[in-house]
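Residues per chain, in single letters:
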Amino acid sequence: MSEQNQTSLLQSIPFSVLDLAPIREDGGPADSFKRTVDLAQHTESLGYNRYWLAEHHNMPFIASSATSVLIGHVASQTSTIKVGSGGVMLPNHAPLVIAEQFGTLESLFPGRIDLGLGRAPGTDQLTAHALRRGGQSGPHDFPDQLEELRSYFDPSRGPANPHVRAYPGEGLDIPIWLLGSSGYSAQLAGEEGLPFAFASHFSPRDTVPALDLYKRTFKPSDSLAEPHAMVGVNIIAAETDEEAERLATTLQQQFLNLIRKNESPLPPPVDSMEDIWTEWEKQALKQQLGSSIIGSKETVQHQLESFIEKTGADEVMVISQIYDHAARRRSYEIVAELFKGE
């Protein structure tokens with residue numbers, strides 16, 4: 001593929017943002033929320049398509065546990081960018097509650113709300129039990145929960161209980177996405193004719209097989225005529241490769257803490273990881289973060305072109321776990337320059 005064609009590839013698809021609302025070592029959730037609003041406003045001005053927030057629980061480095069509340073706050077502080085969940089972990093909730101919450105959001109911010117759904121708990125099993133209070137729902141119930149949720153928005157699908165309706169929610173056309181890191185949700189999204197978002201940022205080896213499965217099983221629906229696959233990818237861009245590699249040590253330390261079951265707030269970058277990780281941990285992180293794109297503008301351009309060409313992604317969702325907020329803003333600026341052809 002020629003350089004000219006590759007450059008146009010970056011300009012031919014939308015770019016979006018996944019924000020984990022990171023809690024840094026030097027602050028708390030209130031500081032995180034201020035940075036989230038600032039980043040949302042900044043990326044909106046840069047032309048990003050969506051701004052998604054993820055549901056996680058019992059994680060001291062992520063502040064977006066009350067996901068729908070934070071979505072409403074971000075939407076109220078922006079004006080055009082689509083705001084949504086990447087995702088809401090549906091087994092943690094009664095589908096009626098999610099229908100009412102997102103019906104409220106869509107009523108407040110019409111045409112700007114996305115509902116991305118996942119089937120994992122987004123936490124450990126003890127916390128999942130605390131969230132569900134002994135309920136029997138789990139990932140195995142996800143297809144049924146999905147159908148129940150969709151029926152609240154569109155009762156013509158055949159409501160689970162005709163005496164229970166979602167107000168607000170009923171009659172609203174809220175885009176529903178399925179999220180996944182394996183083939184399960186990919187196939188379900190394909191069979192239901194829904195858009196699909198794949199978590200390549202922590203499951204890179206399964207990316208291409210899952211996207212292929214999604215496209216092979218896709219059936220056109222009232223929601224979507226053709227498959228639409230969005231792929232999440234870690235991108236850390238800076239003025240030089242060396243500076244980007246240094247900034248990326250924050251992400252590496254975060255995942256290292258997860259491996260060690262030593263979760264803590266987001267750590268600042270370090271000059272070298274060699275004295276921090278073992279050789280086994282280094283190789284494990286290389287596998288888990290294998291799709292990460294780290295470097296200068298030129299390096300990021302080449303790696304991003306290759307990534308899009310390899311995956312056939314219809315949209316890219318950028319995750320930048322960078323400790324310094326100014327450097328994080330700049331990373332999104334560099335990516336925006338690429339998709340604008342600047």
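Structural notes, computed from the coordinates. Source: prediction; values computed, not measured.

## Points about the overall build of the protein chain
Logical step 1: Helices and strands together make up the secondary structure of the protein chain, namely 13 helices and nine strands.
Logical step 2: In terms of overall size, the protein chain behaves like a compact globule, its C-alpha atoms giving a radius of gyration of 20 Å where 342 residues would be expected to give roughly 20 Å.
Logical step 3: Oriented by its inertia axes, the alpha-carbon framework of the protein chain measures out at about 60 × 45 × 40 Å.
Logical step 4: Residues counted as buried form 54% of the 342 residues belonging to the protein chain.
Logical step 5: A sequence separation of at least 24 residues applies to 73% of the contacts in the protein chain between residues at least 6 apart.

## Topic: the packing of aromatic side chains
Logical step 1: As enumerated under the stated definition, the model contains seven aromatic pairs in all.
Logical step 2: Centre to centre, the rings of Phe15 and Phe339 are 4.9 Å apart; their planes meet at 20°, and the pair counts as stacked. Of this pair, Phe15 sits in strand 1 (residues 15–19) while Phe339 sits in helix 13 (residues 325–339), and the two are 324 residues apart along the sequence. Assigned by exposure class, Phe15 and Phe339 land together as buried.
Logical step 3: For the ring pair Tyr48 and Tyr332, a centre distance of 5.6 Å and an interplane angle of 80° mean the geometry is edge-to-face. Of this pair, Tyr48 sits in the loop between helix 2 (29–46) and strand 2 (50–53) while Tyr332 sits in helix 13, and the two are 284 residues apart along the sequence. Tyr332 matches Tyr48 in its accessibility class, with the two residues each being buried.

## A few points about the side chain of Ser292
Logical step 1: Looking at the element boundaries, Ser292 is found in the loop between helix 11 (279–288) and strand 8 (293–295).
Logical step 2: There is a polar contact of 3.2 Å between the side chain of Ser292 and the side chain of Asn234.
Logical step 3: A polar atom in the side chain of Ser292 sits 2.9 Å from the backbone oxygen of Leu289.
Logical step 4: What Ser292 contacts, discounting residues up to four positions off in sequence, is Asn234, Leu251 and Gln303.

## Thoughts on the nonpolar core
Logical step 1: In this structure, Phe15, Tyr48, Phe102, Leu115, Leu117 and Leu178 are the most contacted members of the largest nonpolar core, which totals 68 residues.
Logical step 2: At six residues, the largest contribution of residues to this core is made by helix 13.
Logical step 3: With 15 residues, the next largest nonpolar core counts Leu251, Met273, Leu289 and Ile322 among its residues.

## Re helix 3 (residues 67–76)
Logical step 1: Most of helix 3 is tucked away, with seven of its ten residues classed as buried.
Logical step 2: Within helix 3 the residues assigned to the buried category are Thr67, Ser68, Leu70, Ile71, Gly72, Val74 and Ala75.
Logical step 3: Tucked inside the fold, the buried residues of helix 3 contact helix 2, strand 2, strand 3 (82–89), helix 4 (95–108) and strand 4 (113–118).

## Quick notes on the pattern of salt bridges
Logical step 1: This model, assessed by the stated rule, comprises 17 salt bridges.
Logical step 2: Between Arg157 and Glu192 there is a salt bridge; the shortest N-O distance is 3.9 Å. In this pair, Arg157 is assigned in the loop between helix 6 (142–153) and strand 5 (176–180) and Glu192 in helix 7 (residues 183–192), connecting sequence segments 35 residues apart.
Logical step 3: Classification of Glu192 as partly exposed rests on a relative accessible area of 27%.

## Quick look at the packing of helix 7 against helix 8 (residues 207–217)
Logical step 1: Where helix 7 meets helix 8, the closest approach of the two axes is 7 Å, and the angle between their N-to-C directions is 20°. In terms of orientation, helix 7 and helix 8 fall into the roughly parallel class. Seen from above, helix 7 lies across helix 8 with right-handed handedness. Taking contact as the criterion, the partners of Gly183, Ala186, Gln187, Ala189, Gly190 and Glu191 in helix 7 are, on helix 8, Ala210, Leu213, Tyr214 and Thr217.

The rules we used
- Here the residue numbers are simple positions, counted from 1 along each chain's written sequence.
- In view of the model being predicted, local features appear only for residues whose pLDDT reaches at least 70, and side-chain atom pairs are presented and counted only at 80 or more, with totals across whole chains, interfaces and linings using the full set of residues.
- Based on all heavy atoms of the structure, the side-chain values leave hydrogens and waters out of the count.
- Every helix listed is a DSSP run of H or I at least four residues long, and every strand listed is a run of E at least two residues long, numbered separately from the N terminus.
- Using C-alpha atoms as the atom set, the radius of gyration is obtained and then compared with a globule rule of 2.2 Å times the number of residues to the power 0.38.
- A 1.4 Å probe rolled over the protein chains alone gives each residue an accessible area, and that area as a share of the maximum for its type sets the label: buried under 20%, exposed over 50%, partly exposed in between.
- Note on contacts: a residue pair qualifies if any of its non-hydrogen atoms lie within 4.5 Å across the two residues.
- Note on aromatic pairs: the rings of Phe, Tyr and Trp (six-membered ring only in Trp) are paired at centre separations within 6.5 Å, and the planes decide the class, stacked below 30 degrees, edge-to-face beyond 60, tilted for the rest.
- For this analysis, a polar contact is any N or O atom pair within 3.5 Å, provided that within protein one partner can donate a hydrogen and the other can accept it, and provided that sequence-adjacent residues contribute only side-chain to side-chain pairs.
- Nine residue types can take part in a nonpolar core, namely buried Ala, Val, Leu, Ile, Met, Phe, Trp, Tyr and Cys, and a core is a set of them joined through side-chain atoms within 4.5 Å.
- Salt bridges are identified by distance alone: a Lys or Arg side-chain nitrogen within 4 Å of an Asp or Glu carboxyl oxygen.
- The axes used here are C-alpha line fits, helices contributing only the stretch in contact, and every angle between their N-to-C directions lies in the interval 0 to 180 degrees.
- In what follows, roughly perpendicular refers to angles from 65 to 115 degrees, roughly parallel to angles under 35, roughly antiparallel to angles over 145, and oblique to any angle outside these ranges.
- Each helix crossing is assigned a hand: it is left-handed if the near helix lies turned anticlockwise from the far helix by less than a right angle, otherwise right-handed if that turn is clockwise.

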